[in-house]
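Here are the chains, one letter per residue:
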Amino acid sequence: MKQLKETAEKIKSMEIRGAGRIARAAAAELRDYAGRFPARDIADFNKKMKYAAELLISTRPTAVSLPNAVRAVMRYVGENPEEAKASVRKLADEFITNSENAVRKIGEIGARRVRDGDTIMTHCNSSAAVSIMAEAHASGKKINVIATESRPRMQGHLTIKQLDSLGIETSLIVDSAVRYFMKDIDLVIMGADAVTANGSVINKIGTSQVALAAHEARKNVIIAAETYKFSPRTLLGELVEIEERDSDEVISKEKLREFSKVIVKNPAFDITPREYIDLICTEVGAIPPEMAYIIIKEYLGWGLGEINSNWKS
Ligand code: RI2
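Residues numbered from 1 in each chain as written. Predicted model: local features only at pLDDT ≥ 70, side-chain atom pairs only at ≥ 80, totals over all residues. Heavy atoms only, no water.

Packing of helix α2 (residues 19-36) against helix α5 (residues 81-111) leaves a shortest axis separation of 9 Å and a crossing angle of 160°. It follows that α2 is roughly antiparallel to α5 by the angle criterion. Here α2 runs over α5; the crossing is left-handed. Contact residues: Ala23, Arg24, Ala27, Ala28, Leu30, Arg31, Ala34 and Gly35 in α2; Lys85, Val88, Arg89, Ala92, Asp93, Phe95, Ile96, Ser99, Glu100 and Val103 in α5. Residues that form the contact of α2 with α5 fall into these classes: 10 nonpolar, 2 polar and 6 charged. (Axes fitted to C-alpha atoms, helices over the stretch in contact; angles between N-to-C directions. Helix = DSSP H or I, 4+ residues; strand = E, 2+ residues; numbered from the N terminus. Parallel < 35°, antiparallel > 145°, perpendicular 65-115°, else oblique. Left-handed = near helix turned anticlockwise from the far one by under 90°. Contact = heavy atoms within 4.5 Å. Nonpolar A, V, L, I, M, F, W, Y, C, P; charged D, E, K, R; others polar.)

Moving on, we get to the packing of helix α3 (residues 42-57) against helix α4 (residues 65-73). Two elements in contact, α3 and α4, have axes separated by 9 Å at closest approach and are oriented at 165°. When the axes of α3 and α4 are compared, the pair comes out roughly antiparallel. When you trace α3 past α4, the crossing you get is right-handed. For the pair α3 and α4, the contacting residues are Ala53, Leu56 and Ile57 in the first and Leu66, Pro67 and Val70 in the second.

Before going further, it helps to examine the site of the ligand. The immediate surroundings of the ligand are formed by 18 residues, with Ser127, Asp193, Asn203, Lys204 and Lys229 found nearest. With respect to the ligand, the backbone of Ala19 contributes an N or O atom lying 3.1 Å from an oxygen atom. Between the ligand and Gly20, the relevant distance is 2.7 Å, taken from an oxygen atom to a main-chain nitrogen or oxygen of the residue. For the ligand, the protein covers 99% of the area, taking 440 Å² as the surface of the free molecule. Going through the elements one at a time, α2, α6 (127-138) and β6 (201-204) are the ones with two or more residues in the shell around the ligand. Within the shell around the ligand, the residues separate by chemical class into 6 nonpolar, 7 polar and 5 charged. Of the domains in this structure, domain 1 (2-104) and domain 2 (106-309) are the two that each give at least three residues to the shell around the ligand. (Near = heavy atom within 4 Å. Polar contact = N/O pair within 3.5 Å; in protein donor to acceptor, adjacent residues only side chain to side chain. Areas by Shrake-Rupley, 256 points an atom, 1.4 Å probe, with all protein chains shown as cover. Domains from an automatic or database assignment.)

On to the domain arrangement of the chain. The assigned domain composition of the chain is domain 1 (2-104) and domain 2 (106-309). Each of domain 1 and domain 2 has a C-alpha centre, and these two points are 25 Å apart. On the domain 2 side, the residues contacting the 23 residues of domain 1 number 33 residues. Both sides of the domain 1 and domain 2 interface together cover about 2,200 Å² of buried area, and 54% of this is carbon and sulfur. Where domain 1 packs against domain 2, one counts 1 salt bridge. Viewed at the interface, domain 2 and domain 1 are joined by 17 residue pairs in polar contact (both at pLDDT 80 or more). Taken together, the elements giving at least two residues each to the side of domain 1 that touches domain 2 come down to α2, α4 and α5. At 5 residues, the largest contribution of residues to the side of domain 1 that touches domain 2 is made by α5. Taken together, the residues that form the side of domain 1 that touches domain 2 break down as 10 nonpolar, 6 polar and 7 charged. (Buried area = accessible area lost by both parts, 1.4 Å probe. Salt bridge = Lys/Arg side-chain N within 4 Å of Asp/Glu carboxyl O.)

Okay, the packing of aromatic side chains next. Working definition: an aromatic ring pair is given by the centre-to-centre distance plus the angle between the planes. In this structure the tally under the stated criterion is 5 aromatic pairs. On the basis of an interplanar angle of 55° and a centroid distance of 4.8 Å, the ring pair of Tyr33 and Phe37 is categorised as tilted. Take Phe37: its relative accessible area is 8%, and that puts it in the buried class. Relative to Tyr76, the ring of Phe45 has its centre 5.4 Å away and its plane inclined at 90°; by these criteria the two rings are edge-to-face. Highlighted residues: Phe45 in helix α3 and Tyr76 in the loop between α4 and α5, separated in sequence by 31 residues. By the burial criterion, Phe45 is buried, and Tyr76 matches it. By the ring-pair criterion, three or more aromatic residues cluster together here, those being Tyr33, Phe37, Phe45 and Tyr76. (Phe/Tyr/Trp six-rings, centres within 6.5 Å; stacked < 30°, edge-to-face > 60°. Buried < 20%, exposed > 50% of the residue type's maximum accessible area, 1.4 Å probe, protein only.)

Moving on, we come to the sheet that holds strand β5 (residues 194-195). The 3 strands are arranged β5-β6-β8 in an open sheet whose pairing can be described as antiparallel. The outermost strands of the open sheet, each flanked by one partner alone, are β5 and β8 (269-272). By the bridge criterion, 4 bridges tie β6 to β8 in an arrangement that is antiparallel. Following the sheet pairing, Ile202 is matched in β8 by Ile271. Helix-sheet contacts for helix α9 (residues 207-216) involve β6 and β8, and the interaxial angle to β8 is about 35°. (Pairing = 2+ DSSP bridges.)

Quick look at the nonpolar core now. The biggest cluster of nonpolar side chains holds 36 residues, and the ones touching the most others in it are Phe45, Met49, Leu56, Val70 and Tyr76. Of all the elements in the fold, those that place two or more residues in this core are α1 (2-12), α2, α3, α4 and α5. No other element matches α2, which puts 10 residues into this core. (Core = buried A, V, L, I, M, F, W, Y, C linked by side-chain atoms within 4.5 Å.)

Here it is as structure tokens:
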């Protein structure tokens with residue numbers, strides 16, 4: 001239980017962050033948790049797994065990869081705890097391997113859209129987006145990247161570190177300089193925390209501003225997103241919840257106390273309408289955002305039927 005709670009806390013505090021990483025961490029935790037606790041019988045096992053699944057899902061509300069990963073593992077079967085544990089292990093390992101392969105495949109597919117000499121703008125820190133840039137660079141194309149800081153958590157610093165270690169020339173800019181530099185770039189590549197059935201993309205706050213500025217300047221916007229970031233529930237009319245994070249990410253509690261009429265608003269994500277997105281690069285192909293429905297229906301293995309099945313978060 002201690003390790004389960006620690007993993008949940010690490011996801012909540014963003015020590016483990018990035019939509020893909022939190023999904024893999026949740027799958028790994030469910031696998032390890034199942035292996036650790038003694039279960040009297042299958043009913044007891046199911047009860048404990050349900051508790052763990054719900055705790056992990058509650059940590060961050062926006063990245064659909066998290067409930068999708070948990071749901072993938074919670075499809076386990078078994079007549080007794082031993083069988084169920086083996087099934088959990090298999091499903092979790094499968095999810096993690098598929099996820100790692102998906103990020104690699106997105107790199108291969110997306111890199112074909114990058115031309116030699118391109119300057120690319122990116123926002124926040126997305127391993128799927130970085131995978132495209134890394135693959136383009138590895139295939140011998142000379143690229144240049146402009147990376148935003150991505151306030152308030154400054155994930156841009158992770159991006160420049162990763163790109164620098166790959167030997168890619170990178171400029172770091174403040175978020176408000178996006179439109180100023182838009183004229184200098186050829187292409188925008190960003191990640192996703194969720195993709196809705198109508199092709200809208202939910203990603204780090206500021207993504208929609210970058211996409212809007214790119215649209216105005218007629219620059220292409222590519223979103224790098226594994227299929228498990230697509231949201232089956234949006235097909236049933238549900239909206240993706242936008243996480244509102246603590247005010248102290250923006251201003252210290254002490255400083256804030258100096259004011260009587262000031263509140264802090266700190267949404268972690270925003271929504272980019274599909275009109276501002278040219279392509280969503282998934283591991284099963286580069287698709288126009290209008291095809292999001294097909295991805296949900298054809299490629300999310302648990303599909304629509306499962307949404308109403310026995311386990312539901
Ligand atoms: P990968 C991140 O969320 C960013 O919004 C990033 O674009 C997205 O997840 C996808 O990241 P946060 O955890 O899965 O920083 O591509 O809030 O790594």
